[in-house]
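Close look at the chain arrangement
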Protein chains: 2
Amino acid sequence: MSEYVSMNQGELKQALAQLREQYAAFQARNLKLDMSRGKPGADQTDLSVEMLDVVNSKADFNTENGFDCRNYGLFDGIPEMKALFGEMLGVPASQVFVGGNSSLNLMFDTISCMMTHGVGGCEPWSEQGEIKFLCPVPGYDRHFAVTEYFGVTMIPIPMSKDGPDMDEVERLVQSDASVKGMWCVPKYSNPAGITYSDETVRRIAALKPAAKDFRIMWDNAYCVHDLTDEPDSLLNIVEECQKTGNEDLPILFCSTSKITFPGAGVAAMAASDANMAVFKKRFSLQTIGFDKLNELRHARYFENYQGFLQHMQRHRAILEPKFQAVLSMLEQRLSGKGVASWTKPNGGYFVSVDVMEGCAKRVVELCKQAGVALTPAGATYPYGRDPKDSNIRLAPTYPPVDELITAMQLFCLCVELAAVEKLLG
Amino acid sequence: MSEYVSMNQGELKQALAQLREQYAAFQARNLKLDMSRGKPGADQTDLSVEMLDVVNSKADFNTENGFDCRNYGLFDGIPEMKALFGEMLGVPASQVFVGGNSSLNLMFDTISCMMTHGVGGCEPWSEQGEIKFLCPVPGYDRHFAVTEYFGVTMIPIPMSKDGPDMDEVERLVQSDASVKGMWCVPKYSNPAGITYSDETVRRIAALKPAAKDFRIMWDNAYCVHDLTDEPDSLLNIVEECQKTGNEDLPILFCSTSKITFPGAGVAAMAASDANMAVFKKRFSLQTIGFDKLNELRHARYFENYQGFLQHMQRHRAILEPKFQAVLSMLEQRLSGKGVASWTKPNGGYFVSVDVMEGCAKRVVELCKQAGVALTPAGATYPYGRDPKDSNIRLAPTYPPVDELITAMQLFCLCVELAAVEKLLG
């Protein structure tokens, strides 16, 4: 089949009629499918249920250093979980701060803290006039929502296959003291599934920010979420920043939300001692401590980091076919038609599709009208504004494979339909 | 025995020598006892361990409305816990917001939200210049630490047996628009164990604040923590505020931290729809949701509010003897000596002792030097400053009764010793 752009009006009109017919057939099926959020499937949450038996009424509730997890104390986490997260984040256990059930919550609180109390010995961000954050795009809508909530001006930074455009990042960070931070999902980025190249990580570590209180929000949400035999590898940002004397730059986050239970997992963060002193002061006033019984449940169930990685293989067994279904459907239905390009990630939770410019909203609307929920178009951009109206995030994890295939058939059809509508003006 | 104040110098010197001898004997025992925090004992956390068996690998993970608690969703809590907390807080289930493991965290976030984003359609508190909070004293140190962190000026309000001095509260709230809030622990207050009288609650509900964004932080931490056959009863603040058209005034908090597991319990809050719209916006950006498996664990274990109250009877059976031990020791050792007065609470977690003016720090220091940790003197006042240096919070819950008796023997001795030192100049 030739590309739609090379068709004449007559051919396009004919194509439109055919596509509309197919679309009507989908609508008649009354589908109700959801590919909107990065939500594990029930088969994935099934993988971790035995964890719930580990800390039972007969259990020993003491940590390895003899602390009763049923009571107050150990505000920054039990040693077992600090060790596990230390390996996950690539930092010494002593640097890990174990939080509650949500890394987003830790990130929100960290931003909130820097807004009201500042970091690096500087004035609170809220007292420095306009401040800005760099937002690699497409990116994670919940990150952008946090900075938007606090009135931070967000500057989109284009992503290439190596990560954010570092020329642009260097230019902005090094010239503008109102640039206070950058959101990063450095491995299997949300949504493009891109892992920052070694050079990108080194250039981030070598930044010479104009602002003393510039910080990198390093959300390593998918650090162990490999889906292929050739997983990506990510350079250790903390080690690179030690080499450049930029220890205070990165603030690392991760969680087990997509490893054990979304909402009932454990989250953690790590940063330099100077940074953590600021954040810990806040956390120590915010709470007496987090849920150590849930920490103990996780630590006992996984035993160690190896146990953790083995568990991830079981997730891969479930997710790899889902990603393959999405990718092969895109290949089958859209390849060579000039209406879309997409990423082929080695891990993570998403496939990112760029449809014909000006068509993303229409595609999402068409899918919705036929019963398939997608992440809203624009959600992957700050303020929900995709200047090209082109990017759509597909979340293949939640639906079973058969539903996924149906949803993808509809999606591909809608991509074509929107493109032809556009070409016809 | 006569009061120390009526003794002459010779008698006092003789008393001092005897007390010092007794004190030296205590020091020789190398005690290591802790009455510093409101922390349940291991016997109390034992009461709830069977809860940990309820949500096991074979369990049905669905809420009564068919929601899988292992996954994202139900951001404001599962219906079972909303119902339970609704009864606890005296509001409809629909008004309850179930949070994470810590009511302190909900309170911190609520204050933080009003600081950065405001409430009641007003400017953020942080943009209104100096703002003030009324702090009934003696009160809860962690409350004061939160408002201090955000730079709020704290005004101590004396407590009587009926609650805060309402003449003073009315005068300040109704004349000064910079007064934005008041901390309240309305039942079995921390530390005095006072329950606000009906008249006090009605006068709070009838306040006509100068500030449209004045709010009551109603921390009902001990609402079900009765310790005697004649428990206190507290008027329903929400109902009273409905009568006066002051629905937006109170923000209610509670948790199961001292019912199930400190740190691994469930917390909740409730407020008017207008208030909750502001707070929910923040929470919805801060987290995808709280730990619903732990909510389910609690809901299934207690079944209903009756189960909850029965569980509290088991706590009472453990705590009542501890409070009796403390009170009878105070009575035996200090009654009639003119060196201390104390509260006799019908519930809660503390006994509040007022020692001779200028002696509280010295008493705490003397106890520490002999191996008994108490809450720091002054902690029950904003900024840690007790103007009379008189109040000491005793936390009888954690130590076993025999240790408690030893600790109280030492405490009473130190109260006498400090008083005699003071009288001798």
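Summary of the structure given here. This one's a predicted model, so the numbers in the text were calculated from it and none came from an experiment. (Residues numbered from 1 in each chain as written. Chains lettered and ligands numbered in written order. Predicted model: local features only at pLDDT ≥ 70, side-chain atom pairs only at ≥ 80, totals over all residues. Heavy atoms only, no water.)

**Details of the sheet that holds strand 13 (residues 391-394) of chain A**
Residue and element names in this part refer to chain A. The antiparallel open sheet is built from three strands, whose spatial order is 10-11-13. The sheet terminates laterally at strand 10 (340-342) and strand 13, the two strands that pair on one side only. Mean inter-strand twist for the sheet, computed between neighbouring axes without regard to direction, equals 25°. Against the sheet, helix 13 (residues 360-369) makes contact with strand 11 (351-355) and strand 13, and its axis sits at roughly 40° relative to strand 13, the strand it touches most. (Pairing = 2+ DSSP bridges. Helix = DSSP H or I, 4+ residues; strand = E, 2+ residues; numbered from the N terminus. Axes fitted to C-alpha atoms, helices over the stretch in contact; angles between N-to-C directions. Contact = heavy atoms within 4.5 Å.)

**Focus on the side chain of Thr110 of chain A**
Mapped onto the fold, Thr110 of chain A is located in helix 5 (residues 103-117). Taking relative accessible area as the criterion, Thr110 of chain A reaches 0% and is therefore assigned buried. (Buried < 20%, exposed > 50% of the residue type's maximum accessible area, 1.4 Å probe, protein only.)

**Considerations on the relation of the copies chain A and chain B**
With an axial shift of 0.0 Å and an RMSD of 0.0 Å, the rotation relating chain A to chain B amounts to 180°. Such a combination of turn and shift is consistent with a two-fold rotation axis. Taking the C-alpha atom as reference, chain A places Asp53 of chain A closest to the rotation axis, 3.6 Å from it. In this assembly the copies share their binding face: 100% of the residues contributing to the interface of chain A also contribute to that of chain B. (Least-squares fit on C-alpha atoms with pLDDT ≥ 70 in both.)

**Let's talk about empty space enclosed by the protein**
One pass over the full model with this rule turns up five cavities of 30 Å³ or more. Every residue lining the largest cavity is counted, 31 residues in all, and those nearest its centre are Gly100, Asn101 and Phe290 of chain A together with Gly100 and Asn101 of chain B. Those elements giving two or more residues to the lining of the largest cavity turn out to be helix 5, helix 10 (273-286) and helix 11 (292-302) of chain A together with helix 5 (103-117), helix 10 (273-286) and helix 11 (292-302) of chain B. The residue makeup of the lining of the largest cavity, split by class, is eight nonpolar, 17 polar and six charged. Each pocket or cavity is described by its volume, and for the second largest cavity that value is around 90 Å³. The wall of the second largest cavity is formed by 14 residues, among which Pro136, Gly139, Trp183, Val185 and Asn190 of chain A lie closest to the centre. Residue composition of the lining of the second largest cavity, by class: 10 nonpolar, four polar and no charged. (1 Å grid on protein atoms, 1.4 Å probe; cavity = no way out; pocket = protein on both sides within 12 Å on 5 of 7 lines; lining within 4 Å. Points joined across faces, edges and corners; volume = space filled by probe spheres on them. Nonpolar A, V, L, I, M, F, W, Y, C, P; charged D, E, K, R; others polar.)

**Observations concerning the environment of Gly265 of chain B**
As for its placement among the helices and strands, Gly265 of chain B is situated in the loop between strand 8 (250-255) and strand 9 (267-270). If near-sequence neighbours (up to four positions away) are discounted, Gly265 of chain B is found in contact with Gly100, Asn101, Thr256, Thr260, Asn294 and His298 of chain B.

**Examining the environment of Cys69 of chain B**
All names here are of chain B. Assignment of secondary structure puts Cys69 in the loop between helix 3 (51-54) and helix 4 (79-89). Cys69 sits 222 residues away from Asp291 along the chain, and the two C-alpha atoms are 8.2 Å apart. Residues in contact with Cys69, not counting those within four places in the same chain, are Phe61, Thr63, Ile78, Lys292, Leu293 and Leu296.

**Section: the pattern of salt bridges**
Taken as a whole and assessed by the stated rule, the structure comprises 42 salt bridges over all chains. Two residues, Asp213 of chain A and Lys180 of chain A, come together in a salt bridge whose shortest N-O distance is 2.7 Å. Within this pair, whereas Asp213 of chain A is found in the loop between helix 8 (198-205) and strand 7 (215-219), its partner Lys180 of chain A is found in strand 6 (residues 179-184), the two being separated by 33 residues in sequence. For the pair shown, Asp213 of chain A and Lys180 of chain A are each scored as buried. Ionic pairing is found between Glu240 of chain B and Arg202 of chain B, a salt bridge with its closest N-O pair at 3.8 Å. Of this pair, Glu240 of chain B sits in helix 9 (residues 237-243) while Arg202 of chain B is found in helix 8 (residues 198-205), placing the two residues 38 residues apart along the sequence. We classify Glu240 of chain B as buried; its relative accessible area is 7%. Through salt bridges with shared partners, one network takes in Asp167, Glu170, Glu199 and Arg203 of chain A. (Salt bridge = Lys/Arg side-chain N within 4 Å of Asp/Glu carboxyl O.)

**A closer look at the layout of surface pockets**
Roughly 440 Å³ of volume is contained in the largest pocket. In terms of lining residues, the largest pocket is bounded by 30 residues, among which Tyr140, Ser257 and Lys258 of chain A together with Tyr72 and Ile288 of chain B are the most central. Here the lining of the largest pocket takes three residues from helix 5 of chain A, the largest share from any one element. Tallied by class, the residues present in the lining of the largest pocket amount to 12 nonpolar, 12 polar and six charged.

**Brief notes about the sheet that holds strand 5 (residues 163-164) of chain B**
The strand order 2-9-8-7-6-3-4-5 (chain B) describes an open sheet built from eight strands, whose pairing is mixed. In this open sheet, the two edge strands, each paired with only one partner strand, are strand 2 (96-98) and strand 5 of chain B.

**Structural notes on the nonpolar core**
Counting 68 residues, the largest nonpolar core has Ile111 of chain A together with Ile111 of chain B as the members making the most contacts within it. Excluding anything up to four places from it in sequence, Ile111 of chain B contacts Trp125, Phe133, Val146, Phe150, Trp183 and Met217 of chain B. (Core = buried A, V, L, I, M, F, W, Y, C linked by side-chain atoms within 4.5 Å.)

**Some details on the pairing of strand 4 (residues 153-160) of chain A**
Residue and element names in this part refer to chain A. In terms of strand pairing, strand 3 (residues 132-137) meets strand 4 through six bridges, oriented parallel. Looking across to strand 4, one finds that Val137 is bridged to Pro158. In this region the chain leaves strand 3, passes through helix 6 (residues 141-149) and returns to the parallel neighbour strand 4; the handedness of that crossover is right-handed. Pairing geometry for strand 4 and strand 5 (residues 163-164), over two bridges, is antiparallel. Residue pairing in the sheet places Met159 in a bridge with Pro164 of strand 5. Here strand 4 hands over to strand 5 after two residues, the two strands then running antiparallel side by side. (Right-handed = clockwise from strand over helix to strand, strands pointing away.)

The values reported here are purely geometric and, on their own, carry no functional implication.
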